[in-house]
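What follows is the residue order along each chain.
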Amino acid sequence: MSAEKLSVSLETETLERARRAAAREGVPLSRWLNRAARRAADLEEGSIALEEHFAEHGEPTAEAEAEAERVTERTGVGRPIPMDRARANQAALAHLDRLDEASDQ
């Protein structure tokens with residue numbers, strides 16, 4: 001994976017929060033910021049794609065929405081995760097990020 005250096009300006013509070021979050025996850029700030037930017041871009045692009053889909057095909061029917069809710073409930077998507085499990089998941093992801101970072105070098 002290639003990387004490009006750049007200079008950015010962040011609000012002081014935002015930068016402090018980002019540093020704390022990166023430290024909690026055990027990853028460098030640049031890696032944390034890269035991941036946060038990627039997530040934000042993914043959400044934006046997904047939102048645009050959804051708007052385009054609805055513009056072309058129309059809004060989903062009540063029946064389609066009900067079926068989506070049934071599938072979501074059946075798969076457990078969106079259910080709260082216990083805090084201890086969420087922390088374990090974060091630790092595992094941070095470990096994988098460190099492994100990935102080491103393999104990039």
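Described below are features of the structure shown in this document. Here the structure is a predicted model, which is why all the values come from computation and not from measurement.

It is worth spelling out the environment of Glu-4 at this point. Tracing the sequence through the fold places Glu-4 in the segment before helix H1 (12-25). Since its relative accessible area comes to 71%, Glu-4 is described here as exposed. Residues Glu-4 and Leu-99, 95 residues apart in the sequence, show an inter-C-alpha distance of 20 Å.

Our focus in this paragraph is the pattern of salt bridges. One side chain can pair with another of opposite charge once the charged atoms of both are near each other. Counted under the stated rule, the structure contains four salt bridges. With its nearest N and O atoms 3.4 Å apart, the salt bridge here joins Arg-79 to Glu-73. Arg-79 sits in the partly exposed class, given a relative accessible area of 47%. Where salt bridges share partners, they join Glu-25, Arg-35 and Asp-97 into one cluster.

The next point concerns the environment of Pro-28. Looking at where Pro-28 falls in the secondary structure, it is placed in the loop between H1 and helix H2 (29-57). Residue Pro-28 is classed as partly exposed on the basis of its relative accessible area of 32%. For the pair Pro-28 and Ser-2, spaced 26 residues apart in sequence, the C-alpha separation works out to 16 Å. When neighbours within four sequence positions are excluded, Pro-28 is seen to be in contact with Ala-22 and Glu-101.

Space inside the largest pocket adds up to approximately 740 Å³. Every residue lining the largest pocket is counted, 23 residues in all, and those nearest its centre are Ala-3, Glu-4, Ser-30, Arg-31 and Asn-34. Among the elements of the structure, H1, H2 and helix H4 (83-104) are those that each provide at least two residues to the lining of the largest pocket. For the lining of the largest pocket, the per-class residue count stands at ten nonpolar, four polar and nine charged.

Right, let's talk about the packing of H1 against H2 for a bit. In contact at an axis separation of 9 Å, H1 and H2 are set at 105° when each is read in the N-to-C sense. In this view, H1 runs roughly perpendicular relative to H2, as classed from their interaxial angle. Where H1 approaches H2, its residues Leu-15, Ala-18, Arg-19, Ala-21, Ala-22 and Glu-25 are matched on the opposing element by Leu-29, Trp-32, Leu-33 and Arg-35. Split by residue class, the contact of H1 with H2 holds seven nonpolar, no polar and three charged.

Analysis parameters
Just so you know, the residues in each chain are numbered from 1, in the order the chain's sequence is written. Reporting of local features is limited, given that this is a predicted model, to residues whose pLDDT is at least 70; pairs of side-chain atoms are given and counted only at 80 or more, and all residues count toward the totals for whole chains, interfaces and linings. The basis for the side-chain values is all heavy atoms of the structure; hydrogens and waters are excluded. Only DSSP runs of H or I reaching four residues or more are called helices, and only runs of E reaching two or more are called strands; each is numbered from the N terminus. Burial classes follow relative accessibility: with a 1.4 Å probe on protein chains only, a residue under 20% of its type's maximum area counts as buried, one over 50% as exposed, and anything between as partly exposed. In what follows, salt bridge is the name for a side-chain nitrogen of Lys or Arg lying within 4 Å of a carboxyl oxygen of Asp or Glu. The contact criterion used is simple: two residues touch if any of their non-hydrogen atoms lie within 4.5 Å. Lining residues are those with an atom within 4 Å of a point, where the points come from a 1 Å grid over the protein atoms alone and group into cavities, where a 1.4 Å probe fits but cannot get out, or pockets, open sets with protein on both sides within 12 Å along at least five of seven lines. Grid points are joined across faces, edges and corners, and a volume is the space filled by probe spheres set on the points. Any residue outside Ala, Val, Leu, Ile, Met, Phe, Trp, Tyr, Cys, Pro, Asp, Glu, Lys and Arg is labelled polar, Gly included; the first ten of those are nonpolar and the last four are charged. Between N-to-C directions, angles span 0 to 180 degrees; the directions come from axes that are lines fitted to C-alpha atoms, helices contributing only their stretch in contact. Note that the term roughly parallel is reserved for angles under 35 degrees, roughly antiparallel for angles over 145, roughly perpendicular for angles of 65 to 115, and oblique for everything else.

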